[in-house]
Amino acid sequence: MLRQEPRRVPLEFDKTALTVGDDTDIRTGLSAVALDGPHLWLACDEGCRLERLSRKGVHAFGAHEVFPLDGLIDLPADAETEADIEGLWVDDGWLWLVGSHSVKRGKPKKGLSSRDVDAKLIKLTRDGNRHLLARVPIVNGEPTAADGSRKAATIRATDSSSALLDAVRQRDGLLAPFIPLPGKDNGFDVEGLVVRGSRVLVGLRGPVLREWCCILELDVEAEGPHLHLRPFKSGEPYRKHFLKLNGLGVRDLVSLDDDVLVLAGPSMAHDGPCEIWRWKKGMKAGKAAPEVTRLLALPQVERADRAEGFTVLEQTPRSTTVLVVFDTPAEARLQSGGTVLADAYRLV
């Protein structure tokens, strides 16, 4: 397993467009990233919009543009409700995105009495925009609601559920009990997305069960403004693939030819290892036991630098370089003028 010092890559955001939600700096909550030619697509988990940067030289990105989701797709909730986007992918001219689908627990601040902490922790909410699984056409680097016959589409979703959650509730005795649990409490929590044609893989940060995490395989078809989960021949609405990654859950997914790279980290809200694993032939996974190899252990920083998303930055016949972005970045990563430093790692 490799350990290496990363190359720092500046991501330059427009300092006048840095805040979302309750004045959250998007640089402190980057949760998904996908490279498409010269463009780097990103999302902040507190917002309801997409961020696009463009290459600025060999090892930097800038020229920040913002694309609100309500101008692209039908949202389950209002445009001010966070979408908690946890996966981005580009496939054949489509930009795909997925929300966490998770329940949110109240987050007490320091200094509260035990009674006040109790009152805060007991509050559970479910934001409708977290239930997104959607794709939008890209035209000349711009996302659009429609491009001729190519139209944006989403799975059916409401404030309380989605077609994916409904399928889990109705058919899955293993995963269904975890849907009411908050994502940060080892509950059902989608993170990571890979798409090839109609085949969609979504990773689960939680639950992690006896050290096993889960990736769901969906067969998706579009009809008008909706994406439908097409049942497999067995009648199942999805297939489950279980990986044993030393007790870690999925934080993001990337396909590398027929292999799948997995960014893995703790399922709950605490410090812990973040690692990159290779799932051999994951894009063609069948019923055989998955073959996984740990490739890289990322440096651990106390209460900071929690790796949330990654994408292939460069690929040669001998190596692959991935770009990693972070939630709760260390202060040293935040630069003046709206810049944050991401990390690039070379995988052999």
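Everything below is about the structure printed above this text.
Computed from a prediction, not measured in an experiment: that's the story for all the values here. (Residues numbered from 1 in each chain as written. Predicted model: local features only at pLDDT ≥ 70, side-chain atom pairs only at ≥ 80, totals over all residues. Heavy atoms only, no water.)

**With respect to the nonpolar core**
(1) Moving on: Counting residues in hydrophobic clusters, the biggest one holds 62 residues, and the most contacted among them are Trp96, Phe188, Leu193, Leu216, Leu218 and Ile276.
(2) Moving on: Those residues within four positions of leucine 193 in sequence are excluded, and the remaining contacts are Gly87, Leu88, Trp89, Trp96, Leu97, Val98, Leu133, Val200, Leu201, Val202, Asp252 and Leu253.
(3) Moving on: Grouped together as the second largest cluster of nonpolar side chains are 22 residues, Ala34, Leu72, Leu95 and Ala152 included. (Core = buried A, V, L, I, M, F, W, Y, C linked by side-chain atoms within 4.5 Å. Buried < 20%, exposed > 50% of the residue type's maximum accessible area, 1.4 Å probe, protein only. Contact = heavy atoms within 4.5 Å.)

**Re the side chain of serine 255**
(1) Moving on: With respect to the secondary-structure elements, serine 255 resides in strand E22 (residues 249–256).
(2) Moving on: The contact partners of serine 255, leaving out residues within four places of it in the chain, are Trp89, Val194, Val260 and Met283. (Helix = DSSP H or I, 4+ residues; strand = E, 2+ residues; numbered from the N terminus.)

**Side note on a negative patch on the surface**
(1) Moving on: A cluster of acidic residues, Asp70, Asp78, Glu80 and Asp159, forms a negative patch on the protein surface.
(2) Moving on: With respect to the secondary-structure elements, aspartate 159 resides in the loop between strand E16 (153–155) and helix H2 (163–171). (Patch = residues over 30% accessible without salt bridge, like charges linked within 9 Å, V, L, I, M, F, W, Y side chains within 5 Å. Areas by Shrake-Rupley, 256 points an atom, 1.4 Å probe, with all protein chains shown as cover. Salt bridge = Lys/Arg side-chain N within 4 Å of Asp/Glu carboxyl O. Lys, Arg positive; Asp, Glu negative; His and termini not counted. Charge placed at Lys NZ, Arg CZ, Asp CG, Glu CD.)

**Describing the pairing of strand E8 (residues 85–91)**
(1) Moving on: The element E8 is largely enclosed, with a buried count of 7 among its 7 residues.
(2) Moving on: Sheet topology places E8 next to strand E9 (residues 94–99); 6 bridges connect them, and they run antiparallel. Note on E9: the bridge partner recorded for glycine 87 is valine 98.
(3) Moving on: From the end of E8 to the start of E9, which pair antiparallel, there are 2 residues, and aspartate 92 there has a positive phi angle of about 55°. (Pairing = 2+ DSSP bridges.)

**Focus on the pattern of salt bridges**
(1) Moving on: All chains considered together, the criterion is met by 29 salt bridges.
(2) Moving on: For aspartate 147, the salt bridge is made with arginine 150, and the minimal N-O distance between the two is 3.2 Å.
(3) Moving on: Residue aspartate 147 is classed as partly exposed on the basis of its relative accessible area, which comes to 32%.
(4) Moving on: With a relative accessible area of 21%, arginine 150 lands in the partly exposed category.
(5) Moving on: Notably, a salt bridge pairs aspartate 258 with arginine 196, separated by 2.9 Å at the nearest N-O pair. Residue aspartate 258 is found in the loop between E22 and strand E23 (259–265), and its partner arginine 196 is found in strand E17 (residues 189–196); the two are separated by 62 residues along the sequence.
(6) Moving on: The exposure class of aspartate 258 is buried, given its relative accessible area of 18%.
(7) Moving on: Counted as one network, the salt bridges with shared partners bring together Glu82, Asp84, Lys104, Asp127 and Arg130.

**What about the packing of aromatic side chains?**
(1) Moving on: If you walk through the whole model with that rule in mind, you get 1 aromatic pair.
(2) Moving on: Judged by centre distance (5.7 Å) and plane angle (50°), the ring pair of tryptophan 41 and phenylalanine 67 falls under tilted. In this pair, tryptophan 41 sits in strand E5 (residues 39–44) while phenylalanine 67 sits in strand E7 (residues 61–68), placing the two residues 26 residues apart along the sequence. Each member of the pair, tryptophan 41 as well as phenylalanine 67, carries the same accessibility label: buried.
(3) Moving on: Seen from the ring of tryptophan 94, arginine 135 lies directly overhead, with NZ or CZ sitting 3.7 Å from the centre.
(4) Moving on: Just above the ring of phenylalanine 326 sits the side chain of arginine 333; from NZ or CZ to the centre is 4.1 Å. (Phe/Tyr/Trp six-rings, centres within 6.5 Å; stacked < 30°, edge-to-face > 60°. Lys NZ or Arg CZ within 6 Å of the ring centre and 35° of its normal.)

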